[in-house]
Amino acid sequence: MSKAKSFCISKRVVFEAYKRVKANKGAAGIDKESITDFEKDLKNNLYKIWNRMSSGSYFPPPVREVGIDKKGGGQRKLGVPTVSDRIAQMVVKIHFEPDVEPHFHPDSYGYRPGKSAIEAVGVARQRCWSYNWVLDLDIKGFFDNIDHDLMMRAVQKHTDCKWVLLYIERWLKAPVQLEDGSVVNRDIGTPQGSVISPLLANLFLHYAFDEWMRRNHANIAFERYADDIIVHCKSERQAKWIKSVIEKRLRECKLELHPKKTKIVYCKDDDRRGNYMNESFDFLGYTFRPRGVKAQHRNRFFVGFTPALSNEAAKSMRDRIRAWKIHLMSDKSITNISRIVNSVVRGWINYYGHYYKSALYPIFNQLNRALTKWAMRKYKRLRGQKQKATWWLKRIALREPGLFAHWQCSGRPSADR
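Procedures and definitions
Residues numbered from 1 in each chain as written. Predicted model: local features only at pLDDT ≥ 70, side-chain atom pairs only at ≥ 80, totals over all residues. Heavy atoms only, no water. 1 Å grid on protein atoms, 1.4 Å probe; cavity = no way out; pocket = protein on both sides within 12 Å on 5 of 7 lines; lining within 4 Å. Points joined across faces, edges and corners; volume = space filled by probe spheres on them. Helix = DSSP H or I, 4+ residues; strand = E, 2+ residues; numbered from the N terminus. Nonpolar A, V, L, I, M, F, W, Y, C, P; charged D, E, K, R; others polar. Buried < 20%, exposed > 50% of the residue type's maximum accessible area, 1.4 Å probe, protein only. Pairing = 2+ DSSP bridges. Arc of directions from axis to C-beta. Contact = heavy atoms within 4.5 Å. Polar contact = N/O pair within 3.5 Å; in protein donor to acceptor, adjacent residues only side chain to side chain. Salt bridge = Lys/Arg side-chain N within 4 Å of Asp/Glu carboxyl O.

Trainee: Would you mind going over empty space enclosed by the protein with me for this structure?
Mentor: Applying the stated criterion across every chain yields a total of one cavity of 30 Å³ or more. The calculated volume of the largest cavity comes to roughly 50 Å³. As for the largest cavity, its lining consists of V63, D85, Q89, W171, L172, T190, P191, S194, I196, S197 and L200. Among the secondary structure elements, those contributing two or more residues to the lining of the largest cavity are α4 (83-100), α7 (162-173) and α8 (197-216). The residue makeup of the lining of the largest cavity, split by class, is six nonpolar, four polar and one charged.

Take a look at the structure:
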């Protein structure tokens, strides 16, 4: 390390940061430079990042803003940093995350090593059996409204490393390039999509919510995945009370609950009588609501409050299947098609197949119908013969059940479907 450098940052850590950014992939930033482009002069590009960060002269470029449609209308704004900036952010994350991770609450599941969304869903499922009521919290524009001063105070609780503090503050203040090309300065919020934002968001809500709940309301259970929060209550009265208390706490942290999306939900089942205006909620791609459930080890059905694939997630899957345009892949073999779709379908099964797997069957049927249409276009003898094409596909599924991921979990084609 040169004595002229202001900060002691290892070149090895910069290279490790590059490897992690490459593994995560991601779109190009405002400079339109992809990972592949960056790697054309990899040694020099990594040296520039290290040199500037070590000397204190690294200033993040503007973040490219892109809009993603939201389920309730409108758009969620994501920020896409350049490849170089993602690597620089990863350098800070590698250094800073071990300092804060041990302090996080056990019921904080988002973007944490060893934690997962499906784990949060499983814990919520069990607690809905024990608690009659849920408070489904929605923080209005959370990422866009994080207060920078409060954020830096939280960071300073866990590090006195000057370069970590310097660069986190610079990233918070980095301007945004809008889709029309104009550049806007920022004095509040942190863009979704950057490497460092999930860690900062977790740290902010650790103090704004998790730690505050632990200190003041340790008897009330919750699950939090980033800004998606479910609170379990014993009664409607308790749910209304804790809602008002949390609302006040978030205002102190310069945040607010969304008045229309935050709701109190009754976890209705066979043992819980009466009706309530809200008897379902969505959490991490699952809809929790009363459903017919078969009792384990008994040939008996009952109504349980349980999660299954949400309508929003199902729509996203159907859109993905349509976007593949399988029926137009006449130049490809069925094996080629399986290689194209299997990694995605396997991901759906691994996540949404944990609970109420039968909710996936309509998705599997749609994929099988797409394959049937492909067969009818590819083979002359099957053209216009839907029933014949379906039986042809069914025979392949019986002969090679492992060819498609969904065929291995009750998703094989059937002539009567």
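Trainee: What am I meant to see in the pairing of strand β6 (residues 222-225) here?
Mentor: Look at any regular strand and the pattern is simple: side chains alternate between the two faces of the sheet. By the alternation rule, side chains of β6 split into F222 and R224 and E223 and Y225, which are all buried. Note that β6 and strand β7 (residues 228-233) share four bridges and pair antiparallel. Considered in β7, the bridge of E223 is made with I230. Hairpin connection from β6 to β7: two residues lie between these consecutive antiparallel strands, with A226 at a positive phi of about 55°.

Trainee: How should I be thinking about helix α6 (residues 148-156) in this particular structure?
Mentor: Residues lying three or four places apart along an α-helix face the same way, a consequence of the helix completing one turn every 3.6 residues. Listed in full, the buried residues belonging to α6 are H148, M151, M152, A154 and V155. Along α6, the residues classed as buried sweep out an arc of 155° about the axis, all on the same side. Those residues of α6 that are exposed and angled more than 90 degrees off the buried face are D149 and R153. Taken together, the buried residues of α6 touch α4, α7 and α8. The N-capping residue of α6, defined by a side-chain oxygen 3.2 Å from the backbone nitrogen of D149, is D147.

Trainee: Explain the pattern of salt bridges here, please?
Mentor: Oppositely charged side chains can pair when the atoms bearing their charge come close. The full count for this structure, using the stated rule, is 19 salt bridges. The salt bridge partner of D147 is K254, with a shortest N-O separation of 3.4 Å. Residue D147 is located in the loop between β3 (133-138) and α6, and its partner K254 is located in the loop between α9 (236-252) and β8 (263-266); the two are separated by 107 residues in the primary sequence. Residue class for D147 comes out buried when judged on its relative accessible area of 12%. Close ionic contact of D319 with K315 constitutes a salt bridge, the shortest N to O distance being 2.9 Å. Of this pair, D319 and K315 both sit in helix α10 (residues 311-324), four residues apart, which is roughly one turn of the helix. D319 gets classed as partly exposed once you look at its relative accessible area, which sits at 30%.

Trainee: When you look at the layout of surface pockets in this model, what are you seeing that I'm missing?
Mentor: Space left empty within the atom packing is revealed by a probe, the size of a water molecule, rolled over the atoms. Roughly 410 Å³ of volume is contained in the second largest pocket. Looking at the second largest pocket, it is lined by 21 residues, and the ones nearest its centre are Q366, N368, R369, A370 and K373. The set of elements that each furnish at least two residues to the lining of the second largest pocket consists of α10, α12 (361-378) and α13 (386-399). Among the elements that make up the lining of the second largest pocket, the one with the highest residue count is α12 (eight residues). The residue inventory of the lining of the second largest pocket, partitioned by class, reads seven nonpolar, eight polar and six charged.

What is shown is where atoms sit, not what they do.
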